[in-house]
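Given next are the chains, with one letter for each unit.
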Amino acid sequence: PIYWDQVESRANRYSFTAFDQAFARLSKRRIKVIGVLGYGHPIYSPSGPPVSSRQFVPFGRYVRATVSRYAGKGYVWEIWNEANYALFWPGTNPEQYVSFARRTATAIRSVAPREWVVGVSGAFPNASDDSWFPRAFQAGLLNDVDAISM
């Protein structure tokens, strides 16, 4: 993952040095990158995903800064990881995730409209109840992403 709190260790200051180096090594080997955007930030959302509007504003800035940095390189952008698993998304609320994914996809496409957006890298099937994916799809997830990762 391209951890939010590693890229923005101080408010509104972004550093991509470690990721630039890693991605350059991968590029030399012709390895494609799936950039996972996510995880909480101790300054903005210390208790989990940035789901409130106030929390999402800085997350959206991080997303735009990150995607802008690597736009045009053929990367695929994944929104969070295993949001159906309480370890990564407390409460595992699919409707809440879809709202978050919609806003994140909009931020990605605002700076890289042609790049692929992957939603909900799903955890193993029994990580949540059987209704998680149907509820996420019913809430419109498939309208906002280009692919789902399982």
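Coordinates for the structure precede this section.
My aim in this report is to walk through the structure given alongside it, one point at a time.

Rules behind the numbers
- Residues numbered from 1 in each chain as written.
- Predicted model: local features only at pLDDT ≥ 70, side-chain atom pairs only at ≥ 80, totals over all residues.
- Heavy atoms only, no water.
- Salt bridge = Lys/Arg side-chain N within 4 Å of Asp/Glu carboxyl O.
- Helix = DSSP H or I, 4+ residues; strand = E, 2+ residues; numbered from the N terminus.
- Buried < 20%, exposed > 50% of the residue type's maximum accessible area, 1.4 Å probe, protein only.
- Core = buried A, V, L, I, M, F, W, Y, C linked by side-chain atoms within 4.5 Å.
- Phe/Tyr/Trp six-rings, centres within 6.5 Å; stacked < 30°, edge-to-face > 60°.
- Pairing = 2+ DSSP bridges.
- Right-handed = clockwise from strand over helix to strand, strands pointing away.
- Axes fitted to C-alpha atoms, helices over the stretch in contact; angles between N-to-C directions.
- Left-handed = near helix turned anticlockwise from the far one by under 90°.
- Contact = heavy atoms within 4.5 Å.
- Nonpolar A, V, L, I, M, F, W, Y, C, P; charged D, E, K, R; others polar.

Inspection of the entire model under this criterion finds four salt bridges. For arginine 135, the salt bridge is made with glutamate 95, and the minimal N-O distance between the two is 2.7 Å. Taken together, the residues span a long stretch of sequence, with arginine 135 in helix H5 (residues 132–138) and glutamate 95 in helix H4 (residues 94–111) at a distance of 40 residues. Classification of glutamate 95 by relative accessible area gives partly exposed; the value is 34%.

The next subject is the nonpolar core. Formed by 37 residues in total, the largest nonpolar core has its most connected members in Ile79 and Tyr97. Counting only elements with at least two residues in this core, the list comes to helix H1 (4–7), helix H2 (17–28), helix H3 (53–70), strand S3 (76–79), H4 and H5. Considering every element that reaches this core, the biggest residue donor is H4, with seven residues.

Time to look at the packing of aromatic side chains. Any two aromatic rings considered together are summarised by their centre-to-centre distance and by the angle between their planes. Under the definition given, this model contains 27 aromatic pairs. Centroid distance phenylalanine 16 to tyrosine 70: 5.9 Å. Interplanar angle 85 degrees. Geometry classified as edge-to-face. Taken together, the residues phenylalanine 16 in the loop between H1 and H2 and tyrosine 70 in helix H3 connect sequence positions 54 residues apart.

The next point concerns the pairing of S3. The pairing of strand S2 (residues 34–38) with S3 spans four bridges and is parallel. Of the residues in S3, the one forming a bridge with glycine 35 is tryptophan 77. Assessed by its sense of winding, the connection that carries the chain from S2 through H3 to S3 is right-handed. In terms of strand pairing, S3 meets strand S4 (residues 117–119) through three bridges, oriented parallel. Across the sheet, residue glutamate 78 finds its bridge partner in S4, namely valine 118. Crossover connection from S3 via H4 to parallel S4: handedness right-handed.

For any two helices packed against each other, one specifies the inter-axial angle together with the distance between the axes. Where H3 contacts H4, the two axes come as close as 9 Å, and the packing angle between them is 35 degrees. Handedness of the crossing formed by H3 with H4: right-handed. Here Ser53, Phe56, Phe59, Gly60, Val63, Arg64, Val67 and Ser68 of H3 lie close against H4, whose contacting residues are Phe100, Arg103, Thr104, Ala107, Ile108, Ser110 and Val111. Taken together, the residues of the contact of H3 with H4 sort by class into eight nonpolar, five polar and two charged.

By the secondary structure assignment, threonine 66 is in helix H3. Sequence-distant contacts of threonine 66, that is, excluding residues within four places in its chain, are made with Ile2, Val7, Phe16, Leu37 and Trp77.

The analysis is restricted to geometry; functional conclusions fall outside its scope.
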